[in-house]
Amino acid sequence: MVIATRKTPASARPAPKRSGTAASSPKVAPRRAASKGAAASLSLSSKNYSSWSLRGWLMARLAGLEFAEVVVPPDDADARKEILLLSPSILVPCLTHDGVKVWDTLAIGEYLDEFNPGSLLPRDRVARAHCRALCGEMHSGFASLRSALPMNLKGDFPGFKVWARAEGDIERIVAIWRECLATYGGPFLFGARPGLADAMYAPVVTRFLTYHVPLAPELAAYCRRIVALPEMQEWIAAARLEPDDIDELDMDF
Ligand SMILES: N[C@@H](CCC(=O)N[C@@H](CS)C(=O)NCC(=O)O)C(=O)O
């Protein structure tokens, strides 16, 4: 079996500079947590198309976990099957760390926040409940947006006509982002540093950019801020290197 693994040595990279108040906040958990000596791996599929892979990967990076990527090759059916079977859900992402296997992206996010407390979830109980609620909303909802505007980082579709049903999803997401930025003061959804909510909504950000969804200036600025994160730049650069002729995958993007 061919498993493409790539180590992402968090400790070997310089701590990313954050914009706005992010770099100056002293009261947050260090982004680069010690890996506690435990080997970790995260299964992923296409970086161009797989929104769940992006969410899980971004969470792991934001939590400072050192991990190897186990990439599902699009063109090798046997290897693909074998990697997907590493996860009880037969889906990516699936995190393996310190004798623990965690699948399903939201569970991975919760696990990572326990690994590095405060790295992904707000420390305040009320804000944490709010964060969990809107991450849950992303996890279980917005089906119209997901099917009408699939993630495609290499795509660029100016003038794209958004299906009416997806408009409702977009309005709700705009309301969520507005409320978060107003309540917690930005520049990220829950304040100074990007966290679980930003990771959950990151593939929505890229969809809005890919399909040129018109946004108010402060929300367009939020989208630019997310794609400017060094982690996002790294992911997008890798997506651009993927072959163009990946067959349309039968998955929930
Ligand atoms: N609810 C799951 C959804 C995961 C999911 O749908 N993953 C897709 C990729 S985006 C998948 O693994 N599809 C199977 C495949 O790649 O063949 C989660 O939160 O992780």
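What counts, and at which threshold
- All residue numbers refer to positions counted from 1 along the written sequence of the respective chain.
- The predicted origin of the model limits local features to residues at a pLDDT of at least 70 and limits the giving and counting of side-chain atom pairs to 80 or more, whereas totals for whole chains, interfaces and linings rest on all residues.
- Every helix listed is a DSSP run of H or I at least four residues long, and every strand listed is a run of E at least two residues long, numbered separately from the N terminus.
- In this scheme the burial state of a residue depends on its C-beta neighbours within 10 Å: 20 or more other such atoms mean buried, 12 or fewer mean exposed, and anything in between means partly exposed; the C-beta positions come from the backbone.
- To estimate how far a helix should extend, the number of its residues minus one is multiplied by 1.5 Å.
- Our arc is simply the arc of the directions from the helix axis toward the C-beta atoms.
- Think of it this way: build a C-beta for each residue from its backbone, and any pair within 7 Å is a contact.
- Throughout this description, the term nonpolar core refers to a group of buried Ala, Val, Leu, Ile, Met, Phe, Trp, Tyr and Cys residues whose C-beta atoms join them within 7 Å.
- Each domain span listed reflects an automatic or database assignment of domains.
- Should DSSP find at least two bridges between two strands, the strands are taken to pair.
- Look down the strands so they point away from you; if the path from the first strand over the helix to the second goes clockwise, the crossover is right-handed.
- Between N-to-C directions, angles cover 0 to 180 degrees, with each direction set by a line fitted to C-alpha atoms, over the stretch in contact for helices.
- Throughout, the term roughly parallel applies to angles under 35 degrees, roughly antiparallel to angles over 145, roughly perpendicular to angles from 65 to 115, and oblique to all others.
- Each crossing gets its hand from how the near helix is turned against the far one by less than a right angle, where anticlockwise is left-handed and clockwise is right-handed.
- Residue polarity is assigned by list, with Asp, Glu, Lys and Arg as charged and Ala, Val, Leu, Ile, Met, Phe, Trp, Tyr, Cys and Pro as nonpolar; anything else, Gly included, falls into the polar class.
- Confidence of the predictor at the level of single residues is given by pLDDT, which spans 0 to 100.

Glancing now at the overall build of the protein. Scanning the protein from terminus to terminus reveals nine helices and five strands. In sequence order, the secondary structure elements of the protein are arranged as β-β-α-β-α-β-β-α-α-α-α-α-α-α. Buried residues in the protein amount to 39% of all 253 residues.

That bond from Val92 to Pro93 is cis: its omega, 0°, falls within 30 degrees of zero. Counting through the fold element by element, Pro93 comes out in the loop between α2 (77-84) and β4 (94-97). Gly186 connects to Pro187 through a cis peptide bond whose omega is 5°. Considering the arrangement of structural elements, one finds Pro187 in the loop between α6 (164-184) and α7 (196-210). At Ile90, a residue that is not glycine, the phi angle is positive and equals roughly 60°. Relative to the assigned elements, Ile90 resides in the loop between α2 and β4. Overall, the presence of 12 C-beta atoms within 10 Å leaves Ile90 in the exposed class. The phi dihedral of Phe142 is positive, around 55°, even though this residue is not glycine.

Bringing helix α8 (residues 217-228) into the picture now. Its 12 residues give α8 an end-to-end C-alpha distance of 16 Å, which sits within 8% of 16 Å, the value for a rise of 1.5 Å per residue. The set of residues buried in α8 consists of Tyr222, Cys223, Arg225 and Ile226. Along the long axis of α8, the arc covered by the buried residues comes to 160°, so they all point the same way. With respect to the buried face of α8, the exposed residues turned more than 90 degrees away are Pro217, Arg224 and Ala228. Turning to α8, the residues buried within the fold contact α6, α7 and α9 (230-240).

One finds Met59, Ala60, Ala63, Leu112, Leu196, Ala197 and Ala202 to be the most contacted residues of the largest nonpolar core, which totals 56 residues. When residues in this core are grouped by element, the largest group, nine residues, is from α7. Here this core spans two domains, and each of domain 1 (4-119) and domain 2 (125-234) adds at least three residues to it.

What follows concerns the pairing of strand β3 (residues 67-71). Residues Phe67, Glu69 and Val71 line the buried face of β3, whereas the alternating positions Ala68 and Val70 sit on a face that is not buried. When strand β2 (residues 40-44) meets β3, the two strands line up parallel, connected through four bridges. Bridge assignment links Leu44 to a residue of β3, and that residue is Val71. Where the polypeptide runs from β2 across helix α1 (residues 51-62) and back to β3, its parallel neighbour, the crossover connection is right-handed.

It is worth spelling out the packing of helix α4 (residues 125-140) against α7 at this point. Running from amino to carboxyl end, α4 crosses α7 at an angle of 20°, the nearest separation of the two axes being 9 Å. Between α4 and α7, the angle falls in the class roughly parallel. Crossing of α4 over α7 shows left-handed handedness. Of α7, the residues touching α4 (which contributes Cys131, Leu134, Cys135, Met138 and His139) are Leu196, Ala197, Met200 and Tyr201. In the contact of α4 with α7, the residues fall into eight nonpolar, one polar and no charged.

Summarising the model, the protein shows a mean pLDDT of 86, and 81% of its residues fall at 70 or more. Scored below 50 in pLDDT, residues 248-253 makes nine contacts in the model with residues more than four places away or belonging to other chains.

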